[in-house]
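Topology and contacts: notes
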Amino acid sequence: MPARALTPEQALAMASGDSRSRIAAINEAVLAADEKVATLLQALADDAVKYTETQVFVMKDSGYRDAVTGAPAEPPAEAEDVINNNLMRGAIAAAQAALQLSSPDWAERAAAADALFKDPDASRLPLVEAALKKEQDARVKDKLALVRAASALESEDVATRLAAAEALGEQRSPATKLLLNNRLAEESNAGVKAAIQASIQRIDATLVWGDRVNAVFSGISLGSVLLLAALGLAITYGLMGVINMAHGELIMIGAYATYVVQGLFQRFFPESMFGWYLVAAMPVAFLASALMGAVLERGVIRFLYGRPLETLLATWGISLVLQQLVRSVFGAQNVGVENPAWMSGGLQLMSNVTLPWNRIGIILFAGAVLAGMAWLIGRTRLGLFVRGVTQNRPIASCMGVNTARIDAYAFALGSGIAGLAGCALSQIGNVGPDLGQSYIVDSFMVVVMGGVGQLAGTVYAALGLGVLNKFIEGWAGAVLAKIAVLVFIIIFIQKRPQGIFAIKGREA
């Protein structure tokens, strides 16, 4: 658009009068794309404008200046402050965004287009058209085309509104649906109303698939979290028969170990290396929980093998001690664990489907831990000894296996995997003394439902319960979903107490 200087009349119209006339004046002044307009808009946004019947003053650089000439000028005593309501603030923000359409930075132009889409106005169509003609970036161009259609939807011309409604129907996003619904409530023409309704139906048909994808991904994500929390328990309870009520606190120790490593990176390493703290925290979390597990096994658990109810009581007391120990060292409040930059943001598949990178990372991490654990138990000498001792301790001892050492190794391994779960959970939730209590019951349910001693059953149970919980949650809410899943597990165990995969043959 051709540049035109801000006039005193325009400045007064932007600063005084009712909201509707001021908004019209602002939209008209924006078309001039003048530097004085940008300065006045910023001052209006900052509540730093005074006016008289003939002049407008803006606060700039610790002093007042004339809004039109930019020369220093002190407002007289009778000058009034400009008061902006919420409607005016929205119009000012949209006008500032419109001026950003000429920015050399594509990200600023894209953000400006997004802001204009939220507050469409037919008077800005010439400005949007001009920006579209000179725009070279395809991403910004698509956004501007959407802004043009949204602005045309506010036009007084019926044919223009009809074309805009049909064009917006091709943009299958929740924001477009909201815009069309708002216009539908105000539309008086029957033909345009029908076009808007048809566009909304097309958008709904697409969004419902996005909701299903979200539910499936959320279920897999929750299942991965449950799998991480239950994998360690699959060893300590599934293979060793120890009802470890302190398993949640071993998860908590892994999360706090991650927090400590984060603090060390923040204090002693360059800022550019902060993103690597999570990689360094994984072995630290594993070793911290494994060491605590080994101490528990050698100090308490080894005296209680074959007496599962007594292990339940003893480890419950240990869990209380560990919680209080953490409260004494780190405090009772939650501590903050930041996501590295490479785990921030997400992968956008559809307009209403964005998969967070931290959730994707946990799914991949759970798969890697599962593969490592399956290889260790099924393909290594330690895994052979663990399976031999858990299946027949006297015969394994007769074959020369140091059963006491294997018990310590197996319990430490299960505890270490719990520490890895804590490291992962620190990226998606709060880290506090009660962290483990949120997962201990679910972990036992996963192991029992999958089949005690069956690694494959643990995987199926974790993913199945995660997906089932999220689908029910979308239909009935979070609380009823938890209740429904619990009832399902009770009925399932009543009908099939051996779990999904039962032990067969000589092992049974």
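Scope of this entry: the structure provided in the associated data block. (Residues numbered from 1 in each chain as written. Predicted model: local features only at pLDDT ≥ 70, side-chain atom pairs only at ≥ 80, totals over all residues. Heavy atoms only, no water.)

So, on to the nonpolar core. Inside soluble globular proteins, nonpolar side chains tend to come together where they are buried. By size, the foremost hydrophobic cluster in this structure holds 74 residues, and its most contacted members are L228, L231, I251, V369, I417, V446 and L465. Considering each element in turn, this core owes the most residues, eleven residues, to helix α17 (residues 403–425). Sequence-distant contacts of L465, that is, excluding residues within four places in its chain, are made with L226, V446, M449, V485, F488 and I489. With 61 residues, the next largest nonpolar core counts V37, A95, L127 and L146 among its residues. (Core = buried A, V, L, I, M, F, W, Y, C linked by side-chain atoms within 4.5 Å. Buried < 20%, exposed > 50% of the residue type's maximum accessible area, 1.4 Å probe, protein only. Helix = DSSP H or I, 4+ residues; strand = E, 2+ residues; numbered from the N terminus. Contact = heavy atoms within 4.5 Å.)

Tallying each qualifying case throughout the model produces five aromatic pairs. Between F488 and F492, the aromatic rings sit 6.2 Å apart at their centres with planes inclined by 35°, giving tilted as the arrangement. One end of the pair, F488, and the other, F492, are both in helix α20 (residues 478–495), four residues apart, so they sit about a helical turn from each other. Linked through ring pairs, Y256, Y259 and F330 together constitute an aromatic cluster. (Phe/Tyr/Trp six-rings, centres within 6.5 Å; stacked < 30°, edge-to-face > 60°.)

Once that is clear, we can look at unusual backbone geometry. If you check the backbone angles, D47 has positive phi at about 55° while not being a glycine. Relative to the elements of secondary structure, D47 occurs in the loop between α3 (35–45) and β1 (49–51). Of the residues examined, D47 reaches a relative accessible area of 43% and is grouped as partly exposed.

Here the focus is the pattern of salt bridges. Per the counting criterion, the structure on display carries ten salt bridges. Of the charged contacts in the structure, one is a salt bridge between D81 and K50, with a shortest N-O distance of 2.6 Å. Placement of the pair is D81 in strand β4 (residues 80–81) and K50 in strand β1, with a sequence separation of 31 residues. Take D81: its relative accessible area is 47%, and that puts it in the partly exposed class. Residue class for K50 comes out buried when judged on its relative accessible area of 18%. (Salt bridge = Lys/Arg side-chain N within 4 Å of Asp/Glu carboxyl O.)

In the sheet, β1 pairs with strand β2 (residues 56–60) via three bridges, with the strands oriented antiparallel. Among the inter-strand pairings, V49 is bridged to a residue of β2, identified as V58. In sequence, β1 turns back onto β2 through a hairpin of four residues. Of the strand pairs in this sheet, β2 and strand β3 (residues 63–66) are connected by four bridges, and their pairing is antiparallel. Paired with V58 across the two strands is R65, which belongs to β3. (Pairing = 2+ DSSP bridges.)

This paragraph deals with the pairing of β3. Every second residue of β3 is oriented toward a common face, the buried set being Y64 and D66 and the non-buried set G63 and R65. Between β2 and β3, which pair antiparallel in sequence order, lie two residues; one of them, D61, sits at a positive phi of approximately 55°.

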